[in-house]
Amino acid sequence: MDYDADGDAEQDQEVSNETVGPANGSVRCFFRVFKRKYGSQQMTADERFGVWLVRAHSIDEFRTSLWELVRPHVKRAIEVVQPGDGGRIGYAFRWGGPADPSEEDAPQFVTFCEKKNKKVYTWNHITSTHTLKRWQDHEIILVIHEYSTALKTKAVYQIALNTFLAAGLKAVAKASSKPVAKKPAAVKRPVLPPAADGYSFRDEVRAMRETFSQMRSLMNILDSRLSLLEQKCDEATIVPVKMDTTEEAVEDPLVNFSLKVEMLDCDEDEQDD
């Protein structure tokens, strides 16, 4: 099928679903699109998406644009472990790719079929513009495999649906039902209100600390003065005294108390002079 610059050839087939890419893209192809849950599923009108027209300036751009159309219709890829593998009796399943498939995972989800000769091609077949130019003369069916091409029969799909996928859905539902722990509230520092005289509490604390510092300095001065006075007392001359031993003093020492100062040797020497 030839295409002119005005795009009149695009009207030869009805584009009922998607058209992507620049109108003047030299790399382009029509696809009649179907979706399958497993490989042997019959392609009926219910699974038909219509016709997609993809246009681009290069083969890489073409593949990217095509994957952007495919991506919303696929889920996480499933791999199948065949019976007898490792002594296994029945089928087993495991995830075959990331939860969010990318263009690198496209070979697991996309196949192409030439309707005329029933020949099937993989995603990796579209590596050059030569292939797309040859396909322009044929009706090409694009098949989207929802869970990957590994699920080939209805029986295998049903086993995966009732075991592997069912268990995954239960785990997701259980996880979503768990209460979400609340994050602890951020600790906020209290705002210090101003005191009645206009000063804040912090100003009051600062003033009290300054007063305490001044009082401590005064106490140090007083302590030094007291130590000095004690030293002076220790160095002062001791004046000996004697109790009066008269009969009256013996009878009532509090009433008849008197002191007799004895002269020291040094005092006598001074009088002799």
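In this numbering scheme, every chain counts its residues from 1 along its sequence in written order. Thresholds applied to this predicted model are a pLDDT of at least 70 for local features of residues and 80 or more for the giving and counting of side-chain atom pairs; totals over whole chains, interfaces and linings are not thresholded and use all residues. Heavy atoms throughout the structure, all of them, feed into the side-chain values; hydrogens and water do not.

Re unusual backbone geometry
Of note, K118 is a non-glycine position whose phi angle comes to about 60 degrees, a positive value. Its place among the elements puts K118 in the loop between β6 (110–114) and β7 (119–122). Look at K118 and you get exposed, because its relative accessible area is 61%. Of note, the phi angle at S148 is positive, near 105 degrees, even though the residue is not glycine. Each helix is a run of H or I in the DSSP string that is no shorter than four residues. Each strand is a run of E no shorter than two, and both are numbered from the N terminus. Topologically, S148 is positioned in the loop between β8 (140–145) and α3 (154–177). Any residue under 20% of the maximum accessible area for its type is buried, any over 50% is exposed, and the rest in between are partly exposed; the area is computed with a 1.4 Å probe on protein chains only. In this structure S148 comes out as buried when scored by relative accessible area, which is 3%.

Some remarks on the pairing of β6
The buried fraction of β6 amounts to five of the five residues, a majority that puts the element mostly inside the structure. Neither face of β6 is open: one carries V110, F112 and E114, the other T111 and C113, and all of them are buried. The rule for pairing is simple: two strands pair if DSSP sees at least two bridges between them. In terms of strand pairing, β6 meets β8 through five bridges, oriented antiparallel. Note on β8: the bridge partner recorded for V110 is I144. In the sheet, β6 pairs with β7 via four bridges, with the strands oriented antiparallel. Counterpart to F112 in the pairing with β7 is Y121.

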